[in-house]
Each structure stands twice: as structure tokens, then as C-alpha cells.
Amino acid sequence: MKVLEITGCQELKGTIRISGAKNSSVALIPAAILADDDVTICNVPDVTDTDSLSEILEFLGADVRRASESIVINPKNIINKEIPEELSQKLRASYYFMGSLLGKYNHVEMYFPGGCSIGARPINLHLKGFEALGATVKIEDDKYIVDAKELKGATIYLDFASVGATINIMLAAVKAKGTTVIDNAAKEPEIVNVATFLNNMGAKITGAGTSRIKIEGVKELKGCFHEVIPDRIEAGTYTIAGALMGNYLKIDNIIPEHIEALTSKLIEMGVELEIGEDYLIVNRPNKYKTVTVQTQVFPGFPTDLQQPFMVLTTKCNGKSIIEETIWENRFMHVPYLNKMGANITIAGNKATIKGPTELIGSEVEATDLRAGASLVIAALTAKGKTIIHNIEHILRGYENIVEKLNDVGAKIEIKEI
Ligand code: EPZ
């Protein structure tokens with residue numbers, strides 16, 4: 001079994017280069033099958049979630065070649081067969097094969113997707129979208145069978161601006177007959193990245209990045225070359241680490257507008273930031289002011305940074321409040337932060353953090369991806385050694401985390417126990 005061993009209190013200095021966005025890549029890889037020939041996606045992070053999707057592509061018969069940061073996918077020989085449970089269960093984003101296979105072949109059979117246990121995570125809005133396009137959905141045991149004689153454009157209102165449902169409906173609608181409109185669509189940068197990718201293939205999508213997306217169905221999609229945007233959550237995670245331990249820590253290859261909700265909170269707390277065109281430099285301050293944070297859909301404060309950010313509030317002078325509004329069960333890191341010396345209480349979806357508290361190295365467990373990231377940050381600031389178990393969650397989403405942190409002065413290694 002692998003664990004992360006981190007010796008805390010090391011100053012972080014130097015440059016961390018941000019990788020391509022995991023949450024874009026996990027949609028782009030399944031979307032590639034909509035093309036009729038070679039698709040090259042560059043800046044794809046080498047994390048286990050992207051590997052798991054390549055495995056599904058290969059299972060279906062696609063030719064997948066990985067070369068350093070790029071992935072070349074040729075979907076010509078795909079056979080549209082049932083995706084077995086052991087593959088779909090490896091990650092949440094396997095559900096993007098529903099939209100892409102349905103969009104290309106009008107039929108898909110796959111098992112319920114896996115992923116982090118951070119809430120109920122229903123996919124009713126995805127299914128409602130498929131049905132509006134003319135598909136029928138049958139659920140047998142845990143298997144979804146989605147079938148359509150023909151997909152026809154429709155106007156679909158999402159009860160919640162769901163990232164996954166917005167992308168899945170785009171994938172299913174891109175070759176449908178006529179025009180599809182998604183109202184109350186999600187506006188996350190990953191949506192824009194996926195729409196650009198599909199447009200590069202020849203799709204006709206407008207409005208991505210706003211709450212109304214319009215898709216005019218096309219007959220054919222061709223191969224293309226596409227670049228993944230920088231990972232705003234990885235960027236935010238390391239910026240938070242820098243706000244705690246940084247001495248001129250540079251976070252490079254970012255789109256600063258994508259993490260504005262975070263940087264504006266950091267400035268409010270007294271963290272020194274220099275924000276450039278595609279980088280930022282972060283310094284730890286002597287004191288941190290308390291804050292109130294509520295997670296929101298983009299451009300609000302991202303739920304995916306809530307857990308790492310909470311570590312920072314343990315250093316604030318007084319009481320900070322963090323409210324999680326997207327997921328029902330995203331405080332599983334809290335007992336471990338408290339074990340390390342934090343003073344955090346939870347009431348419903350609100351966490352109250354009393355600080356400042358000193359964190360002490362302990363043995364802890366990553367219960368999900370961003371809980372794992374928060375424990376890494378806590379360990380970087382803690383006195384002594386921290387051992388983190390279940391690190392497979394962390395490796396699903398952070399490329400070369402050990403190398404990146406060691407390069408800027410951290411003491412972190414993966415150990416086999
Ligand atoms: C994406 O999940 C991300 N995952 C999540 O990141 C992220 O937390 C989330 O968007 C919100 O930003 C990927 O991109 C692979 P949603 P997704 O559909 O698409 C409810 C990480 O740490 N909902 O926007 O699954 C749902 O239960 C991961 O990298 C329905 O009720 O999120 C939740 O409460 C974790 N019915 C809310 O909407 C549906 O059909 C937001 O979900 C769909 C969603």
C-alpha cells in the first residue's frame with residue numbers, strides 16, 4: 001500500500017508549472033469518439049482519471065497513442081458495445097461516454113459511474129436532456145440503456161447549472177437534427193473548452209460560457225488538434241499552499257481570471273499576490289484576516305477548492321465560516337484537520353473554523369480527491385511528519401504532485417508500506 005509522507009514547515013520557493021485541466025480532459029477524451037478520424041489533444045495531464053478513460057476507449061476499439069503531454073485518438077474502429085461496470089466505476093467522468101456514444105451511434109449501454117463520495121450525485125438532469133432529444137432511458141440493475149431512433153434538437157432547461165449535464169447534452173446534441181438550446185447551462189471554463197473542441201471538429205455551438213448554449217446539429221465531425229486549458233483547481237491548490245508557506249512562490253501557466261474568486265478572497269485575508277498575465281506570485285503574510293466563503297457555480301468560489309482553502313482559515317485570527325452549497329458531503333477532511341490540531345465544527349452545510357491553530361503532523365486518510373489535497377496542504381504547514389493513506393484519490397487528479405512540491409522546497413515522498 002502506498003502512502004504520502006510529508007515533513008512540514010518547509011518554505012516553498014520557486015516555480016510550479018500548472019498542468020492541463022483534469023476536468024476538461026476527462027470530457028475531451030470521451031468526446032473524441034464523435035470525430036471520424038485522428039484527434040490530437042495536447043496538454044492532457046498524466047493522472048489516473050485520464051488513464052481510466054483511455055482504457056475505456058481502448059476497450060471500445062479506439063486507437064489511443066500517448067506521447068508526453070499529448071494524446072492522439074483514432075476512433076475509426078470503435079465498436080459500440082456495453083461498457084462494463086469495472087471500467088465505468090473507476091471514475092465519475094465515465095458518464096461522458098453516455099453523451100458521446102449516444103451522439104454518434106444513437107445508442108449506449110453502460111453502468112453507473114464511480115468517483116468521489118461527496119454527495120448523492122444523481123444524473124437525472126443528464127437523462128432528462130437525453131430524453132428531450134428523443135432518447136428513451138431504461139435502467140436495468142445498475143445499467144443504463146439509452147436509445148434513440150433519431151436525435152432531434154430541443155430546448156432543455158436545467159433545474160441546476162450542472163457541469164456534467166451541460167457537457168453530456170452538448171455531446172449528445174452535436175449531431176442531432178436541428179437546433180438544441182440548453183438554458184441555465186453551466187458556465188465553467190471546462191464547458192467552453194469542450195465546446196471549442198467540438199467546434200474545432202466542425203460542430204456549431206455558440207454561447208458556451210453563458211447560461212444559454214445553442215447547438216446546431218451537423219452531419220459530420222472531423223479530426224482536429226486541440227489544447228486543454230490550465231487546471232484552475234490545481235492552480236488554486238498550489239496558490240493556497242503558497243499563501244501558507246510561500247516565499248515568492250510562482251504559480252505558472254494559469255489563466256488568472258479562472259481563479260479570481262480565490263485570489264480575491266486571498267487578498268481580503270491579507271495574502272500578498274502579484275498577478276501577471278499567465279502567472280501569479282504568492283507570499284505568506286504574518287497574519288490572516290478571517291473570511292466567510294460560500295461555494296457557488298462559476299464564477300463563484302469553486303467547491304473543488306473549498307477543502308484545500310479550509311486549511312488556510314485555520315490560521316486566521318478569529319472565526320471564519322465556510323458554507324458548501326454544491327455537494328452534500330464535502331466535509332470529510334474535517335475530522336482529520338481536527339486530529340491535526342484544527343478547531344472546526346460543522347452544522348449542516350456550514351463549517352466554523354476558529355483560529356489561529358497550530359497543526360501537528362499525524363496519520364490521516366484521503367477520503368476523496370480534494371480532501372486529499374487539503375490534507376497535503378495541512379501537512380505542508382504542520383510541525384513534524386504526516387502520513388496520508390488512500391493516496392490513490394490524490395493521484396487521480398494531481399499530476400506529478402510529489403515532484404512539483406519537492407522542486408519548490410517541500411519534503412514529500414511516496415512510500416510503500
Ligand atoms: C463536476 O462534477 C466536477 N467533476 C466536480 O469536480 C465539481 O465539483 C463539480 O463539477 C462542480 O463544479 C468533473 O468535471 C468530472 P455537477 P459534476 O453536475 O459535473 C447536482 C473534482 O474534485 N446534480 O455540476 O458531477 C449534483 O448532485 C470533482 O474534481 C443533480 O442533482 O457536478 C450536485 O449537487 C468532484 N442532478 C450539483 O448538481 C444531475 O443530473 C452539481 O453537480 C447532475 C447534478
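Rules used in this analysis
Residues numbered from 1 in each chain as written. Predicted model: local features only at pLDDT ≥ 70, side-chain atom pairs only at ≥ 80, totals over all residues. Heavy atoms only, no water. Pairing = 2+ DSSP bridges. Helix = DSSP H or I, 4+ residues; strand = E, 2+ residues; numbered from the N terminus. Axes fitted to C-alpha atoms, helices over the stretch in contact; angles between N-to-C directions. Contact = heavy atoms within 4.5 Å. Salt bridge = Lys/Arg side-chain N within 4 Å of Asp/Glu carboxyl O. Buried < 20%, exposed > 50% of the residue type's maximum accessible area, 1.4 Å probe, protein only. Phe/Tyr/Trp six-rings, centres within 6.5 Å; stacked < 30°, edge-to-face > 60°. Lys NZ or Arg CZ within 6 Å of the ring centre and 35° of its normal.

A. Here's a closer look at the sheet that holds strand S3 (residues 39-42). Taken in spatial order, the 4 strands line up as S4-S5-S3-S13 in an open sheet, and their pairing is mixed. The open sheet terminates on both sides in strands that have one partner only, identified here as strand S4 (63-67) and strand S13 (225-227). Here the average twist between neighbouring strands, direction ignored, is 15°. By the bridge criterion, 5 bridges tie S4 to strand S5 (residues 70-74) in an arrangement that is antiparallel. Its bridge partner being in S5, Val64 is matched across the sheet by Ile73. The strands that helix H2 (residues 48-60) touches are S4 and S5; relative to S4, the one it contacts most, it runs at about 150°.

B. Examining the pattern of salt bridges more closely. Enumeration over the complete set of coordinates arrives at 19 salt bridges. The residue Lys22 makes a salt bridge to Asp49 at a minimum N-O spacing of 3.7 Å. Residue Lys22 is located in helix H1 (residues 22-31), and its partner Asp49 is located in helix H2; the two are separated by 27 residues in the primary sequence. By relative accessible area, which is 8% here, Lys22 ends up buried. Close ionic contact of Glu150 with Lys177 constitutes a salt bridge, the shortest N to O distance being 3.7 Å. Of this pair, Glu150 sits in the loop between strand S8 (143-147) and strand S9 (155-157) while Lys177 sits in the loop between helix H6 (163-173) and strand S10 (179-183), and the two are 27 residues apart along the sequence. Classification of Glu150 as partly exposed rests on a relative accessible area of 36%. Looking at Lys177, the relative accessible area reads 54%, which means it is exposed.

C. Highlighting the environment of Asn343. Turning to its location among the elements, Asn343 is positioned in strand S19 (residues 343-347). On the accessibility criterion, Asn343 (37% relative accessible area) is partly exposed. Distance in space between the C-alpha atoms of Asn343 and Thr357 is 7.1 Å, their sequence separation being 14 residues.

D. Inspection of the packing of aromatic side chains at higher detail. What the rule picks out here adds up to 4 aromatic pairs. Arranged with centres 4.9 Å apart and planes meeting at 80°, the rings of Tyr95 and Tyr96 form a pair that is edge-to-face. Its relative accessible area of 4% is what places Tyr96 among the buried residues. Over the ring of Tyr279 we find Lys250; its NZ or CZ atom is 4.8 Å from the centre of that ring.

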